[in-house]
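Observations on the three-dimensional arrangement
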Amino acid sequence: MEVTSIVNGIIIDHVPAGTALKVLDYLKINPAKTKLALIMNTDSHLYGTKDIIKIEDEDGKKTPSIDLDVLGLVARTATVGIVRGGTIVEKKTPTLPEHVVNILTCKNPRCVTTTERGIDQMFHLTHSERQEYRCDYCDEEAKL
């Protein structure tokens, strides 16, 4: 299979194998309205297999914005390459955020965020190795 390079846009590389669609969902990127290539379960020297997401910016004027906090939450091993003129001009690595707002939702039916409208869903990192987040309001553990 051959997937050509992009001239302008971004490449999200080293996405854990089989999770590219979940990453697009969390990043709120609509595949039906975005020119992208999705490469799933390709070989990786580092991880064995990986997914790659290439998002093309045809006119080279507006690079799609990627929320690195969200990416760090759902694809900690991913890297983001900014491509201009067919060359990667900048590389970014997401980190696991200490605090996330309106990315995760609390599953506790008694939590104020599930019973009241308009309250932000806020979670804080409690254990970085396990990627454990807890609700700021009720301390319920988040499920990714």
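Residues numbered from 1 in each chain as written. Predicted model: local features only at pLDDT ≥ 70, side-chain atom pairs only at ≥ 80, totals over all residues. Heavy atoms only, no water.

The name given to the chain in an unreviewed UniProt entry is Aspartate carbamoyltransferase, and the organism recorded there is Bifidobacterium hapali.

1. Section: the UniProt feature "domain: Aspartate carbamoyltransferase regulatory subunit C-terminal" (unreviewed entry) in the chain
Here the UniProt-annotated "domain: Aspartate carbamoyltransferase regulatory subunit C-terminal" (unreviewed entry) positions come out as residues 100-141. Helix makes up 10% of residues 100-141 and strand 29%, whereas the separation of the span's terminal C-alpha atoms amounts to 13 Å. (UniProt positions renumbered as here; feature names shortened; annotations may be inferred. Helix = DSSP H or I, 4+ residues; strand = E, 2+ residues; numbered from the N terminus.)

2. Brief notes about the sheet that holds strand β5 (residues 87-92)
Strands in a sheet are paired, the pairing made by backbone hydrogen bonds, and the direction either parallel or antiparallel. Overall, antiparallel pairing links the 5 strands, which are arranged β2-β3-β1-β4-β5 in an open sheet. The open sheet has two edge strands, β2 (36-44) and β5, and neither has a second partner. Neighbour-to-neighbour, the strand axes of the sheet open up by a mean angle of 20 degrees, direction not taken into account. (Pairing = 2+ DSSP bridges. Axes fitted to C-alpha atoms, helices over the stretch in contact; angles between N-to-C directions.)

3. Side note on a nonpolar patch on the surface
Taken together, the side chains of L21, L38 and M40 define a hydrophobic patch exposed on the protein surface, amounting to about 240 Å² of accessible area. Mapped onto the elements, L21 comes out in helix α1 (residues 20-26). (Patch = residues over 30% accessible without salt bridge, like charges linked within 9 Å, V, L, I, M, F, W, Y side chains within 5 Å. Areas by Shrake-Rupley, 256 points an atom, 1.4 Å probe, with all protein chains shown as cover. Salt bridge = Lys/Arg side-chain N within 4 Å of Asp/Glu carboxyl O.)

4. Observations concerning the nonpolar core
I12, V15, V23, L27, I53, I66 and L71 are the most contacted members of the largest nonpolar core, which totals 18 residues. Sorting the residues of this core by element identifies β1 (9-16), α1, β3 (48-56), α2 (68-74) and β4 (79-84) as the ones contributing at least two each. Setting aside anything within four residues of it in sequence, one finds V23 in contact with V15, I53, L71, V74 and A75. In terms of nonpolar packing, the next biggest core, distinct from the first, is built from 11 residues, L73, L96, C106 and C111 among them. (Core = buried A, V, L, I, M, F, W, Y, C linked by side-chain atoms within 4.5 Å. Buried < 20%, exposed > 50% of the residue type's maximum accessible area, 1.4 Å probe, protein only. Contact = heavy atoms within 4.5 Å.)

5. What about the pattern of salt bridges?
Inspection of the entire model under this criterion finds 6 salt bridges. With a shortest N-O distance of 3.7 Å, R84 and D57 are connected by a salt bridge. Of this pair, R84 sits in strand β4 while D57 sits in the loop between β3 and α2; the two residues are 27 residues apart in sequence, bridging distant segments of the chain. Take R84: its relative accessible area is 24%, and that puts it in the partly exposed class. Here E141 makes a salt bridge to R134, at a shortest N to O gap of 3.9 Å. E141 gets classed as partly exposed once you look at its relative accessible area, which sits at 30%.

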